[in-house]
Structures are given as structure tokens and as C-alpha cells.
Amino acid sequence: MRASPLRAPPKAAKLVLASASPRRLDLLAQAGIVPDSVDPADIDETPAKTELPRPHALRLARDKANAVAARHPDAFVLAADTVVGVGRRILPKTEDDASARQCLALLSGRAHRVFTGLCLVAPGGKVSAQVVEARVHMKRLSDAEMTAYLASGEWQGKAGGYAIQGRASAFIPSITGSYTAIVGLPLAETVNMLTGAGYVASSSD
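Owing to the predicted nature of the structure, the values given are computational and were not obtained by experimental measurement.

Enquirer: What is the right way to read the pattern of salt bridges from this model?
Expert: Any two side chains of opposite charge can pair, on the condition that their charged atoms come close. Here the structure, examined in full by the defined rule, presents 10 salt bridges. Glutamate 133 is paired through a salt bridge with arginine 54; the nearest N and O atoms lie 2.5 Å apart. Residue glutamate 133 is located in strand β6 (residues 127–137), and its partner arginine 54 is located in helix α2 (residues 53–69); the two are separated by 79 residues in the primary sequence. A residue is classified by how much of its surface remains accessible, and glutamate 133, at 29% relative accessible area, is partly exposed. Of the charged contacts in the structure, one is a salt bridge between lysine 139 and glutamate 145, with a shortest N-O distance of 2.7 Å. Given a relative accessible area of 30%, lysine 139 falls into the partly exposed group.

Enquirer: Sorry if this is basic, but what is going on with unusual backbone geometry here?
Expert: Excluding glycine, most residues fall at negative phi; most peptide bonds, likewise, are trans. For threonine 50, which is not glycine, the phi dihedral falls at a positive 70 degrees. Here threonine 50 is to be found in the loop between β2 (37–38) and α2.

Enquirer: In this structure, what is going on with helix α4 (residues 143–152)? I would like to understand it.
Expert: An α-helix turns once every 3.6 residues. As a result, residues three or four positions apart point the same way. All of the buried residues along α4 are Met146, Tyr149 and Leu150. Here the buried residues of α4 occupy an arc of 100 degrees about the axis, which is enough to place them on one side. In α4, the exposed positions that point more than 90 degrees away from the buried face belong to Ala144 and Ala151. Here the buried face of α4 lies against α3 (97–107).

Here is what the cut-offs are and how they apply
Residues numbered from 1 in each chain as written. Predicted model: local features only at pLDDT ≥ 70, side-chain atom pairs only at ≥ 80, totals over all residues. Heavy atoms only, no water. Salt bridge = Lys/Arg side-chain N within 4 Å of Asp/Glu carboxyl O. Helix = DSSP H or I, 4+ residues; strand = E, 2+ residues; numbered from the N terminus. Buried < 20%, exposed > 50% of the residue type's maximum accessible area, 1.4 Å probe, protein only. Arc of directions from axis to C-beta. Contact = heavy atoms within 4.5 Å.

As C-alpha cells, then:
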């Protein structure tokens, strides 16, 4: 009886992170996951008329993942988007001192919600998506605290005008929910999503 020829094991599909965020790369590294490549999605992130924070975060994560998956059909493509919401209002990713100060003034002394949309497109096109919500309470900020924080520049490009993993951590007495989701990528949910979709991290030789 002729022996069957040996077959090489199937090659693990690569992981593409559809984000240029160094914070998301760092979070993945904490879980021992290193994407094979980074390919940021270039999409319009303007909220649709009457769009609420939660569906906005989910839509952007889906749109980013689908845009990048079209360029990498044989890979796992992971995307996320973080939105800060106050009631029905979506706060911007601040690009200047004035908008950052407005956001801090609005958040000062009150609770708000952070929604991180997460989307994974697997090879073959299967899509998994969810939103992870956290509640953040910010203490009342003095003018001096706001001015000092603005001078740090940490607010640049941040949803709601602050980065919880930086100096703004001193403004946050309590959170409810996922800290990593507030930073930008809900780590437990991300790992579960990747594992459930069949992603296997490539071993380093």
C-alpha cells in the first residue's frame, strides 16, 4: 500500500490592524499578539445626521474593517473606533486647543460614556462586531488644571479631548467597565473575538 505524501500544515492567516494607533498596538502586545502588518483605513468619520454615539462607534469600526479587508482578502482584519458620548452627543477627536477646552469643560464634574466599536473580518469575509461600553467619571477641573493639561498636548487627536492613560488619569476618580476599551481597544473582547474566528498567532522562530 502506497504511503500518502506528507502535506505541510496550513499556513496561519495573517493579522492586519486597520489602525495607526500606537495605543492599540501596545494593548495587543500586552496579550502577546503582534499584527503582521498595519494598514490604517482612510474613511470619512463624520457622524451621520441624528446618529448616536453607540451606533456611530460600531459603524466606523465596521467601515474601517471592510475598507481594509478589501485590500487583504486572505487575512484577519481588525478595526476599532472609540467614541466619547455625553447623552446623545458625540464629542469630537480634538485637533485644536479650543475644541479640547470645550470638551474638558463639558466633561468636568460629570460622568460620561466611552463606546469602542470592534470589528473583525476573517478570511472568507465572515464579520464579527460588537460595542464595548464604559462609564467614566471626571472630577471637576479648575481653570489651572485645564490649562496645564492643554499645554501637555496629550489631547491632540483624542476622542473627547483627553487620554485616560496619560496625565488625565489624575482627573478620573472612577470608571465602570473596561479600562482598555477607554484606551482604545477592549482587550478581553478582542482576544475572544480573534480566538472565536480561528485566528492563531504565528510563532516566532
